[in-house]
Amino acid sequence: MTRAGRTIAGIVTIAGVAAALSACGGDAESSDSGSTTLTLYNAQHEDLMKAMVDGFTEKTGIKVEFRNGDDAELANQIVQEGDASPADVFVTENSPSVQVVANAGLFSPLDKDTLAQVPEQYRPSSEEWVGFAARSTVLAYNPDMVDESDLPASMLDLAKPEWQGKVGFAPGGADFQAIVGAVRELRGEEATRTWLQGLADGDAVYQGNSAVMQAVNEGKIPVGIIYHYYWYKDQAESGENSKNVKLHLFGNQDPGAFVSVSGAGVLASSDHQDEAQQLVSYLTSPDGQKRLAGSTALEYAVGEGAASAKVLPPLDTIEAPEVDPGSLNGPEVTKLMQDVGLL
Ligand SMILES: [Fe+2]
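Residues numbered from 1 in each chain as written. Predicted model: local features only at pLDDT ≥ 70, side-chain atom pairs only at ≥ 80, totals over all residues. Heavy atoms only, no water.

*Asks:* Please provide a residue-by-residue account of the pattern of salt bridges, values included.
*Replies:* What the rule picks out here adds up to 18 salt bridges. One salt bridge in this structure joins Asp339 and Arg193, with 3.1 Å as the shortest N-O distance. Remark: Arg193 occurs in helix H7 (residues 189-202) and Asp339 occurs in helix H12 (residues 330-339); sequence separation between them is 146 residues. Connected through salt bridges with shared partners, the residues Arg184, Glu189, Glu190, Arg193, Glu332, Lys335 and Asp339 form a single ionic network. (Salt bridge = Lys/Arg side-chain N within 4 Å of Asp/Glu carboxyl O. Helix = DSSP H or I, 4+ residues; strand = E, 2+ residues; numbered from the N terminus.)

Below, the structure written as structure tokens:
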């Protein structure tokens, strides 16, 4: 999920402001600094991307202007803009939207060295984009309302009648939709429809993962499906929104242990191919991954040999199911969710 109230047009970098001022007759800024400014269409969390991109700019001198939005919103915008898109690089929270742009044939092939920086399970087999971060699906539960031993073996069991109305989720967000995409890939269309219908009947719908966790924390619902970092971030801050919440990891290659990959791709229409490739290379490099792990985002690092923040259970211990991140189909998921009345 991304924060409410964010708009595509909203954010201009300091560099952008400076350029605008000088265009209005302010001081003469050297017009030929030789440096490029890349335009990053950013659907990831802004604080995380800022931490990573600052490292890139320090290292290369290449400036980056952000245009922020949600996964689907920015993917659709790029597809609509086509060859005229100002985007040089696109990064998403979850893989379905970066795959929408890949499916439209709008990405340049990535440098082989960039791909080699990330293990295969964190990038699509098509190699059209690359993962640079990951988030794991968890079940947030309130131990005053339910014992961990009474939780079901599979996330799909939460659609059963005994759980009706007890399972919070945020169907409007890209995070939950990626999870649905994984369920569909792992268990097929009909099982996914049945699962979604069960959750829809329960109607414990929230605006975002934070709201789901808050409802569990306040004892309004016993469990909720979220990504791990909402809990870890809250714990690292005040802990107020998670003090009555524990995390259950389904493990066992269950769809409920799905790890969602955040993707990055270089737009074929970019006039700055070399610099754009450098940015994606940096995001997946040891330096970039160290920035990610050291940030407050508490998402997982996915680079080859890269360590994530120490507070997180290591990715290789959570028994995630194997899913090609390029296989998750956003438009099909949207259709399915509309069918059961969730969108
Ligand atoms: Fe999120």
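Next comes the rest of the write-up.
*Asks:* Go over helix H10 (residues 273-284), please, and point to the residues and values.
*Replies:* The end-to-end C-alpha separation of H10 is 17 Å, in line with the 16 Å expected for 12 residues at 1.5 Å each. Of all the residues in H10, the buried ones are Glu275, Ala276, Gln277, Leu279, Val280, Tyr282, Leu283 and Thr284. (Expected span 1.5 Å × (residues − 1). Buried < 20%, exposed > 50% of the residue type's maximum accessible area, 1.4 Å probe, protein only.)

*Asks:* Summarise the pairing of strand E6 (residues 223-227); cite the residues concerned and give the values.
*Replies:* E6 sits mainly inside the fold: 5 of its 5 residues count as buried. The side-chain alternation of E6 yields two buried faces, one formed by Val223, Ile225 and Tyr227 and the other by Gly224 and Ile226. With 2 bridges connecting them, strand E5 (residues 167-168) and E6 associate as parallel partners. Looking at the pairing, Val167 lines up with Val223 of E6. (Pairing = 2+ DSSP bridges.)

*Asks:* Which residues make up the packing of aromatic side chains, and what are the values?
*Replies:* Inspection of every chain in the model, using the stated rule, returns 6 aromatic pairs. Here the aromatic rings of Trp231 and Tyr232 are separated by 4.9 Å at their centres, their planes lie at 85°, and the arrangement is edge-to-face. Residues Trp231 and Tyr232 agree in their burial class; the two are buried. Through successive ring pairs, a cluster of aromatic residues spans Phe169, Phe176 and Trp195. (Phe/Tyr/Trp six-rings, centres within 6.5 Å; stacked < 30°, edge-to-face > 60°.)

*Asks:* Quick one: what's the story with the packing of H7 against H12, residue by residue and with numbers?
*Replies:* Between H7 and H12, the least distance of the axes is 10 Å, while the angle of their chain directions is 45°. In terms of orientation, H7 and H12 fall into the oblique class. In this structure, the crossing between H7 and H12 has a hand that is right-handed. Each of Glu189, Thr192, Arg193 and Leu196 in H7 lies in contact with H12, whose residues at this interface are Leu336, Met337 and Asp339. Split into classes, the residues belonging to the contact of H7 with H12 amount to 3 nonpolar, 1 polar and 3 charged. (Axes fitted to C-alpha atoms, helices over the stretch in contact; angles between N-to-C directions. Parallel < 35°, antiparallel > 145°, perpendicular 65-115°, else oblique. Left-handed = near helix turned anticlockwise from the far one by under 90°. Contact = heavy atoms within 4.5 Å. Nonpolar A, V, L, I, M, F, W, Y, C, P; charged D, E, K, R; others polar.)

*Asks:* Let's hear about the environment of Arg123: which residues, and what values?
*Replies:* Within the element layout of this structure, Arg123 appears in the loop between helix H5 (112-115) and strand E4 (130-141). Considered as a pair, Arg123 and Asp324 are 201 residues apart in the sequence and their alpha carbons are 7.4 Å apart. Non-local contacts of Arg123, meaning those with residues more than four positions away in its chain, are made with Leu115, Val118, Trp129, Val130, Gly131, Asp324 and Pro325. Within the local environment of Arg123, its side chain forms a polar contact with the backbone oxygen of Leu115, the two atoms lying 3.1 Å apart. (Polar contact = N/O pair within 3.5 Å; in protein donor to acceptor, adjacent residues only side chain to side chain.)

*Asks:* Residue-level account of the packing of helix H2 (residues 46-60) against helix H11 (residues 286-294), with values.
*Replies:* Interaxial distance between H2 and H11 falls to 9 Å at its minimum, and their mutual angle equals 145°. As for how H2 packs across H11, the hand of that crossing is right-handed. Facing Leu48, Ala51, Met52, Asp54, Gly55, Glu58 and Lys59 of H2, the residues of H11 in contact are Asp287, Gly288, Gln289, Arg291 and Leu292. Of the residues in the contact of H2 with H11, the class split is 4 nonpolar, 3 polar and 5 charged.

By themselves, these figures tell us nothing about what the structure is for.
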